[in-house]
Amino acid sequence: MTNVDHRVQDTRRDTHPSGPLPVIAPEKSPSMARRAAIAGGVGTLIEYYDFAVYGFLAVTIAPLFFPSNSPGASMLATLAVFGVAYVARPLGGIFFGRLGDRRGRRSALVITVVCMGVACGVLGLLPTHSSVGVLAPTLLVLIRLAQGFSAGGEVGGAATYIAESAPPKRRGFFGSFTPVGSTLGFAVAAAVVGVVALATTDEQMESWGWRIPFLLALPLALICLRVRMKLEDTPEFEEMAEKKQVTKSPLMDVIKKNPLSVLRVIGVAIAMNGSGYIGLTYFSVYLIKDLEFSKDAVYWTSAVSIALACATFPLAGMATDRWGRKPVLIAGYLAYVVIALPAFLIMGATTSIVVIGLVYFVYMVLNGVVQVPAFPLFTELFPRTVRYTGVSLGFNIGTIAAGGTAPYVAAQLVETTGSAMSPAYWVMGVCAIGLLTVATIRETSREELPA
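For clarity, every value in this text was computed on a predicted model and none was experimentally measured.

Q: Residues and numbers for the overall build of the chain, please.
A: Helix and strand content of the chain: 24 helices and two strands. On C-alpha atoms alone, the chain measures out to a radius of gyration of 22 Å, which is about the 22 Å that the 2.2 N^0.38 rule sets for 451 residues. Seen through its principal axes, the chain has C-alpha atoms that stretch 80 × 45 × 35 Å. Taking all contacts inside the chain whose residues are at least 6 apart in sequence as the whole, residues at least 24 apart take part in 85%. Total accessible area on the chain is roughly 17000 Å²; 68% of this is exposed by carbon and sulfur atoms. Each charge class in the chain was averaged separately, 35 positive and 28 negative side chains, and the resulting centres sit 7 Å apart.

Okay, here's the thing in structure tokens:
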């Protein structure tokens with residue numbers, strides 16, 4: 001299919017010596033948007049499954065790779081390695097952003113899922129500290145860096161691909177498939193870990209059972225690879241390539257020409273990830289280690305609560321298409337500020353896993369309210385020549401600042417203060433950053449993507 005086949009006239013204008021000429025804007029049909037949303041969402045789900053398994057198995061693998069007389073020290077070391085993976089994310093975002101902005105969105109998205117699948121599979125084969133000593137945690141850190149590098153190019157690429165394929169008035173709805181995929185990846189990871197834990201004894205889980213969820217990443221990556229290989233590139237990128245508008249250095253261009261947009265993405269990403277990763281990763285550690293709920297119960301409660309919450313994400317997408325990105329984001333941040341402390345108080349006071357599940361569900365529904373508007377908003381802040389790079393750079397820096405560090409900071413706050421409620425104040429703080437950032441952004445939901 002040629003670009004001429006799927007473009008229609010638009011009211012935007014290009015400058016020309018003889019006067020303004022109509023710009024030919026790519027046509028974006030609902031069927032094209034559905035294919036893009038499904039391919040982007042499925043791929044992101046599998047990538048984040050790979051990434052999330054480590055978090056759900058943190059309690060099990062902590063003594064295997066970081067043996068210590070202090071269980072708290074082992075856990076902090078394991079969570080620190082979870083955070084280390086995020087250090088490589090901006091590098092991955094820069095690498096895949098350049099690839100996506102220069103060679104096509106599709107090519108970058110195919111490579112990210114292969115890299116993540118291979119890294120996760122290798123992690124499942126690693127020797128433990130009892131076999132090779134200090135080499136074990138060293139290899140673990142290297143594999144987690146490889147996973148972070150790959151993940152750094154995934155979300156920005158999926159968000160860009162979907163936004164550039166969706167009709168302007170439905171970018172929020174179709175864009176919700178990216179956070180559905182990334183969040184549901186955590187639910188699938190929790191379910192798989194729960195099944196393995198149910199099928200094995202504690203001794204078997206610590207001996208070899210923990211490896212199974214990591215090794216499953218290999219066939220999952222093959223499934224995603226098949227889906228993404230069937231995709232065409234976005235109409236926006238094809239038109240940009242045809243007009244020879246591809247930039248030689250997307251990173252330098254985005255830093256020089258769109259620095260405020262990058263800073264705004266960072267601020268929103270800090271709020272989104274700093275609050276979200278408390279639910280996605282820290283809750284399971286808190287419930288098992290501090291509140292002494294059974295691992296099986298926590299894994300299944302996490303899986304069901306996250307999966308049910310994901311079902312509400314498209315509703316948030318429709319809301320952001322109707323009322324705009326800013327009102328929905330502001331409502332989500334304010335709601336988090338209100339419920340953060342009560343959520344921890346209720347979890348600390350109850351012995352009912354059903355009550356825990358309800359709190360978890362409400363918390364993750366709000367995660368959708370702050371995630372879903374963010375991804376289309378990110379793409380609307382950058383011109384198409386640097387969109388993949390700009391979204392990936394800002395998102396990954398924000399994720400380092402408050403996403404990968406969130407479970408470690410939460411555990412450290414509890415360890416330092418002695419208060420299990422202290423992570424709630426972290427949630428309030430990152431949401432305050434989100435509110436301040438959104439106040440500086442104009443509404444973009446009803447506009448065409450910048451050319």
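Q: Before we move on, could you go through the side chain of threonine 234 and cite the residues and values that matter?
A: When you line up the elements, threonine 234 lands in the loop between helix 13 (217–229) and helix 14 (235–242). A residue is classified by how much of its surface remains accessible, and threonine 234, at 0% relative accessible area, is buried. A polar contact of 3.1 Å, which involves the side chain of threonine 234, links it to the backbone nitrogen of phenylalanine 237. Setting aside its immediate chain neighbours within four residues, threonine 234 contacts Arg105, Tyr161, Glu164 and Ser165.

Q: A description of helix 13 should follow, citing residues and the corresponding values.
A: When the terminal C-alpha atoms of helix 13 are compared, their 18 Å separation across 13 residues agrees well with the 18 Å that a helix rising 1.5 Å per residue should span. Among the residues making up helix 13, those that are buried are Ala217, Ala221, Cys224 and Arg228. One side of helix 13 carries all its buried residues, which in axial view fall inside an arc of 65°. Of the exposed residues in helix 13, those oriented more than 90 degrees away from the buried face are Leu222 and Arg226. Packed against the buried residues of helix 13 are helix 1 (30–56), helix 5 (105–123), helix 8 (154–165) and helix 12 (211–215).

Q: Tell me about the packing of aromatic side chains, and name the residues and values.
A: Here the structure, examined in full by the defined rule, presents 19 aromatic pairs. Their ring planes at 85° and their centres at 5.8 Å tell us that phenylalanine 186 and tyrosine 277 sit as a pair that is edge-to-face. You can see phenylalanine 186 sitting in helix 10 (residues 177–199) and its partner tyrosine 277 sitting in helix 16 (residues 259–290), a full 91 residues away along the chain. Using a relative accessible area of 2% as the deciding quantity, one classes phenylalanine 186 as buried. Between phenylalanine 375 and phenylalanine 378, the ring centres sit 5.9 Å apart and the planes meet at 80°, which makes this aromatic pair edge-to-face. Within this pair, phenylalanine 375 and its partner phenylalanine 378 are both found in helix 21 (residues 374–380), separated by three residues, close to a single helical turn. Judged by relative accessible area, phenylalanine 375 falls into the buried class, the value being 3%.

Q: Residues and numbers for unusual backbone geometry, please.
A: For lysine 244, which is not glycine, the phi dihedral falls at a positive 55°. A positive phi angle, near 60°, is found at glutamate 292, a position not held by glycine. Relative to the helices and strands, glutamate 292 resides in the loop between helix 16 and helix 17 (295–310).

Q: Please give an account of the packing of helix 3 (residues 71–84) against helix 23 (residues 406–417) that cites residues and values.
A: Interaxial distance between helix 3 and helix 23 falls to 8 Å at its minimum, and their mutual angle equals 155°. In this view, helix 3 runs roughly antiparallel relative to helix 23, as classed from their interaxial angle. With respect to the hand of their crossing, helix 3 and helix 23 are arranged in left-handed fashion. Seen from helix 3, the contacting residues are Leu76, Leu79, Ala80 and Phe82; seen from helix 23, they are Pro407, Tyr408, Ala411 and Gln412.

Q: Give me the lowdown on the packing of helix 8 against helix 22 (residues 387–402), citing residues and values where you can.
A: Look at helix 8 against helix 22: their axes get within 8 Å of each other, and the N-to-C directions meet at 140°. Classified by the angle between their axes, helix 8 and helix 22 sit oblique to one another. In the crossing of helix 8 with helix 22, the sense of the turn from one axis to the other is right-handed. Contacts between helix 8 and helix 22 involve Val155, Gly156, Gly157, Thr160 and Glu164 on the former and, on the latter, Arg387, Tyr388, Val391, Ser392 and Phe395. Broken down by class, the residue content of the contact of helix 8 with helix 22 amounts to four nonpolar, four polar and two charged.

Conventions used here
- Residues numbered from 1 in each chain as written.
- Predicted model: local features only at pLDDT ≥ 70, side-chain atom pairs only at ≥ 80, totals over all residues.
- Heavy atoms only, no water.
- Helix = DSSP H or I, 4+ residues; strand = E, 2+ residues; numbered from the N terminus.
- Rg over C-alpha atoms; globule rule 2.2 N^0.38 Å.
- Contact = heavy atoms within 4.5 Å.
- Areas by Shrake-Rupley, 256 points an atom, 1.4 Å probe, with all protein chains shown as cover.
- Lys, Arg positive; Asp, Glu negative; His and termini not counted.
- Charge placed at Lys NZ, Arg CZ, Asp CG, Glu CD.
- Buried < 20%, exposed > 50% of the residue type's maximum accessible area, 1.4 Å probe, protein only.
- Polar contact = N/O pair within 3.5 Å; in protein donor to acceptor, adjacent residues only side chain to side chain.
- Expected span 1.5 Å × (residues − 1).
- Arc of directions from axis to C-beta.
- Phe/Tyr/Trp six-rings, centres within 6.5 Å; stacked < 30°, edge-to-face > 60°.
- Axes fitted to C-alpha atoms, helices over the stretch in contact; angles between N-to-C directions.
- Parallel < 35°, antiparallel > 145°, perpendicular 65-115°, else oblique.
- Left-handed = near helix turned anticlockwise from the far one by under 90°.
- Nonpolar A, V, L, I, M, F, W, Y, C, P; charged D, E, K, R; others polar.

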